[in-house]
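Survey of secondary and tertiary structure
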Amino acid sequence: MTQRRLAEVAAKVGVSEATVSRVLNGKPGVSDATRSAVLTALDVLGYERPTQLRGERARLVGLVLPELQNPIFPAFADVVGNALAQRGFTPVLCTRTAGGVTEAEYLELLLEQHVSGIVFAGGLYAQKDASHGHYQQMMSRKLPAVLVNAAIDDLAFPRVSCDDAVAVEQAYGHLTSLGHKRIGAVLGPPDHVPSQRKMQAIDKCGGADVEHAMFSLEGGQAAAMKLVQRGVTAIICASDPLALGAIRAVRRAGLDVPKDVSIIGYDDSAFMTCTDPPLTTVRQPIEAMGRAAVELLANQISGNAVAPDELLFEPELVVRASSAPVR
């Protein structure tokens, strides 16, 4: 293996190039966990294992995402994939698309591959009206799994979530401090658990004019247009793509962001500093959340008892140029 590739594998695992070399040459003095992590990194980076090591099958972990168009999900996949590789697991990415393979069908495929466990992000567990039979199947098989962000109540899996209530409190408090009183909100579908939590927090903060939408730029634009027509001066959105759709709606109405209407997103996904105007948003701590999800999963795979509790992570308001004092 070339020096450049040695360095790339070493950086992926977080060890020295000498350690990688010892693993590849079958030398002693390397722990089983490090050895497994190096071999997994070879698989992830697309490099062939040395002939004498090809018989060792990598441990597989499913990573099931709802989409890749929202930049927050590729970013989360990157965090989880790296954390899994460092523990000797190979991530298997499964992405749901409209009219494509369903979450339940992905589960069947992953079970056929004898995965060690699964990390779900933004799955059907967050929608009360969706089908949840495949989760019950996982529970009956005692398959290790972790759910990322709020889920329905009757699934006994550990969860890693961003605190939706705190996110709303931060956004709402920022807008009221700027003098806004006619506040609107664009949330996800009515049965979406994180959106329900945001709705409850909005009510506690003082209420808002709320529209529900599908999680897309177009959904955000359609919902925000209704709010703008009803005279709101600020809009809190449940994702960054929804917020970008809201900015488009304000401009289509002949108004300006933020002079006429302030917009706040949620996630702080990639390139939100490059939008026009740069987006004020609430940042999810995906690095900490992703690593916590992998740690919870690895503990289950190792046979350790993990309580089906929810770990809540604190979001952070990031003020940029899409919010301003009310006129």
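Residues numbered from 1 in each chain as written. Predicted model: local features only at pLDDT ≥ 70, side-chain atom pairs only at ≥ 80, totals over all residues. Heavy atoms only, no water.

- For the protein, the name recorded in an unreviewed UniProt entry is Substrate-binding domain-containing protein, with Lentzea sokolovensis as its organism.

1. Some words on unusual backbone geometry
- The omega torsion of the bond from Val257 to Pro258 falls at 10 degrees, within 30 degrees of zero and hence cis.
- Tracing the sequence through the fold places Pro258 in the loop between α10 (240-252) and β9 (262-267).
- The omega angle of the peptide bond from Asp276 to Pro277 is -5 degrees, so this bond is cis rather than trans.
- Of note, Pro277 is situated in the loop between β9 and β10 (280-283).
- Notably, His114 is not glycine yet its phi reads approximately 55 degrees, a positive angle.
- Relative to the helices and strands, His114 resides in the loop between α5 (103-112) and β3 (117-121).
- Accessibility expressed as a relative area gives 60% for His114, which makes it exposed.
- Positive phi is not limited to glycine here, since Asp268 has a value of about 60 degrees.
- Structurally, Asp268 is set in the loop between β9 and β10. (Helix = DSSP H or I, 4+ residues; strand = E, 2+ residues; numbered from the N terminus. Buried < 20%, exposed > 50% of the residue type's maximum accessible area, 1.4 Å probe, protein only.)

2. Regarding the packing of aromatic side chains
- What the rule picks out here adds up to 2 aromatic pairs.
- Considering the side-chain rings of Phe120 and Tyr135, the 5.5 Å spacing of their centres and the 70 degrees angle between planes classify their relative orientation as edge-to-face. One end of the pair, Phe120, is in strand β3; the other, Tyr135, is in helix α6 (residues 133-141), and 15 residues separate them in sequence. When sorted by exposure, Phe120 lands in the same class as Tyr135, which is buried.
- Measuring from centroid to centroid gives 5.9 Å for Tyr125 and Tyr135, while their planes differ by 70 degrees, and the two rings are edge-to-face. (Phe/Tyr/Trp six-rings, centres within 6.5 Å; stacked < 30°, edge-to-face > 60°.)

3. Let's talk about the sheet that holds strand β11 (residues 310-313)
- Reading across from one edge, β2-β1-β3-β4-β5-β11 is the order of the 6 strands in this open sheet, with parallel pairing throughout. Edge positions in the sheet fall to β2 (89-95) and β11, since each has one partner strand and no second. For this sheet the average axis-to-axis angle between neighbouring strands, irrespective of direction, equals 20 degrees.
- As paired elements, strand β5 (residues 159-162) and β11 share 4 bridges and run parallel to each other. (Pairing = 2+ DSSP bridges. Axes fitted to C-alpha atoms, helices over the stretch in contact; angles between N-to-C directions.)

4. Some words on the environment of Lys204
- Relative to the helices and strands, Lys204 is located in helix α8 (residues 193-205).
- Once the C-alpha coordinates of Lys204 and Glu169 are considered, the two residues, 35 residues apart in sequence, prove to be 8.9 Å apart.

5. Brief notes about the pattern of salt bridges
- Per the counting criterion, the structure on display carries 13 salt bridges.
- Here Glu211 and Arg230 are joined by a salt bridge, their closest N and O atoms 2.7 Å apart. Note that Glu211 is positioned in strand β7 (residues 209-212) and Arg230 in the loop between α9 (217-229) and β8 (234-237), a separation of 19 residues in sequence.
- Ionic pairing is found between Asp268 and Arg320, a salt bridge with its closest N-O pair at 3.0 Å. Of this pair, Asp268 sits in the loop between β9 and β10 while Arg320 sits in the segment after β12 (316-318), placing them 52 residues apart in sequence.
- Judged by its relative accessible area of 15%, Asp268 is buried. (Salt bridge = Lys/Arg side-chain N within 4 Å of Asp/Glu carboxyl O.)

6. Points about helix α2 (residues 17-24)
- Looking at α2, one finds that the buried residues are Thr19, Val20, Val23 and Leu24. Here the buried residues of α2 occupy an arc of 135 degrees about the axis, which is enough to place them on one side.
- Considering only its buried residues, α2 is in contact with α1 (3-13) and α3 (32-45).
- Where α2 terminates, the next one or two residues include Gly26, which has phi positive at roughly 70 degrees. (Arc of directions from axis to C-beta. Contact = heavy atoms within 4.5 Å.)

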